[in-house]
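If you want the building blocks of each chain, they are given just below.
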Amino acid sequence: INWNNKLKEEIVKSSRFKKNYTFFRNNLSIQKKALNDDFLSSFNFGTSDSNLTLTLVTNPSCKYCKEFYPTFMRIINNYGNKIHVRLVLDADLDNFSEELRSTYINMASIYENSEDKTTFFVALEEWYKIRTDKNGIDKWNNKYSHLFKNQENVIATLNNQKKWRKINDINFTPDIFINGYQYPIEYDRADLEYFLSEMIE
């Protein structure tokens, strides 16, 4: 019992320390900074002139991305009018199977051709829920098939994103950058929500 109580106290202390914004900000400032953003063809949402830019590198086939995505959607829903959100797909079209290649191109086409860009983020959220369900995938394709056009443009976009990832040595997903600084590995990705309101201020 004493050991359990002590463990609970340590967890509370650790949580309090972890949620300290000053410590987080200082830790963030010493992380790797992304380069060559000038040619990054990201999928953008929110307020482009915000003082806070959040970049997410994600992979529609990644289970860890699937786990983080609900947090990402809450961030979009709660702060989308206050921050600039950029999403990058971890796509290597030259080395993908034809099926996987089509998935990424179709995904990018949804962003390219939708009037309301939130459609893209919702489509990706839906994809994570059905990504291993063939019937679900067929329904998803039918739902968004009217947006699967202008594919030469989106292929160029995905290749630019690949170039940016290569220059910045991004080899895992999900990877997060805040104003260009890589999210500290000491924090769970879901912890990002703790600090957003203070970062926006």
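Nothing here was measured: the structure is a model prediction, and the numbers come from that model. (Residues numbered from 1 in each chain as written. Predicted model: local features only at pLDDT ≥ 70, side-chain atom pairs only at ≥ 80, totals over all residues. Heavy atoms only, no water.)

(A) Inspection of the state of the cysteines at higher detail. Counted by the stated rule, this structure contains zero disulfides. You can see C65 has no disulfide; the closest cysteine sulfur is in C62, sitting 3.1 Å from it. Residue classification places C65 among the buried positions, given a relative accessible area of 1%. (Disulfide = S-S within 2.5 Å. Buried < 20%, exposed > 50% of the residue type's maximum accessible area, 1.4 Å probe, protein only.)

(B) Looking closely at the packing of aromatic side chains. Enumeration over the complete set of coordinates arrives at 20 aromatic pairs. Taken together, a centroid distance of 5.8 Å and an interplanar angle of 70° make the contact between W164 and F177 edge-to-face. Taken together, the residues span a long stretch of sequence, with W164 in helix α7 (residues 151-167) and F177 in strand β4 (residues 175-178) at a distance of 13 residues. F177 matches W164 in its accessibility class, with the two residues each being buried. An aromatic cluster is present here, built from F43, F45, Y69, F72, Y111, F120, F121 and Y128 joined pairwise through their rings. Note that K117 overlies the ring of Y111, its terminal NZ or CZ placed 4.7 Å from the centroid. (Phe/Tyr/Trp six-rings, centres within 6.5 Å; stacked < 30°, edge-to-face > 60°. Helix = DSSP H or I, 4+ residues; strand = E, 2+ residues; numbered from the N terminus. Lys NZ or Arg CZ within 6 Å of the ring centre and 35° of its normal.)

(C) Main features of helix α6 (residues 134-144). Residues of α6 that are buried include every one of G136, I137, W140 and Y144, and no others. An end-on view of α6 places all buried positions within 100° of arc, on one side of the element. For α6, the exposed residues lying more than 90 degrees away from the buried face are K134, N135, K139 and N142. On its buried face, α6 is in contact with α4 (98-113) and α5 (118-130). (Arc of directions from axis to C-beta. Contact = heavy atoms within 4.5 Å.)

(D) Seen up close, unusual backbone geometry. Cis geometry is adopted by the peptide bond preceding P174, which originates at T173 and carries an omega value of -5°. Positionally, P174 belongs in the loop between α7 and β4. Positive phi values are uncommon outside glycine, yet N150 reaches one of about 55°. By the secondary structure assignment, N150 is in the loop between α6 and α7. On the basis of relative accessible area, N150 is assigned to the partly exposed category, the value being 43%. For D169, which is not glycine, the phi torsion reads 55° and is therefore positive. Along the chain, the position of D169 falls in the loop between α7 and β4.

(E) Region of interest: the nonpolar core. In this structure, F24, F72, L87, F121, L158, I178 and M199 are the most contacted members of the largest nonpolar core, which totals 51 residues. Among the elements that make up this core, the one with the highest residue count is helix α3 (residues 63-79) (eight residues). If near-sequence neighbours (up to four positions away) are discounted, L87 is found in contact with S42, F43, L56, T58, Y69, F72, F120, F121, L124 and Q161. If you look at the next biggest cluster of nonpolar residues, it comprises seven residues, including L40, V57, I170 and F177. (Core = buried A, V, L, I, M, F, W, Y, C linked by side-chain atoms within 4.5 Å.)

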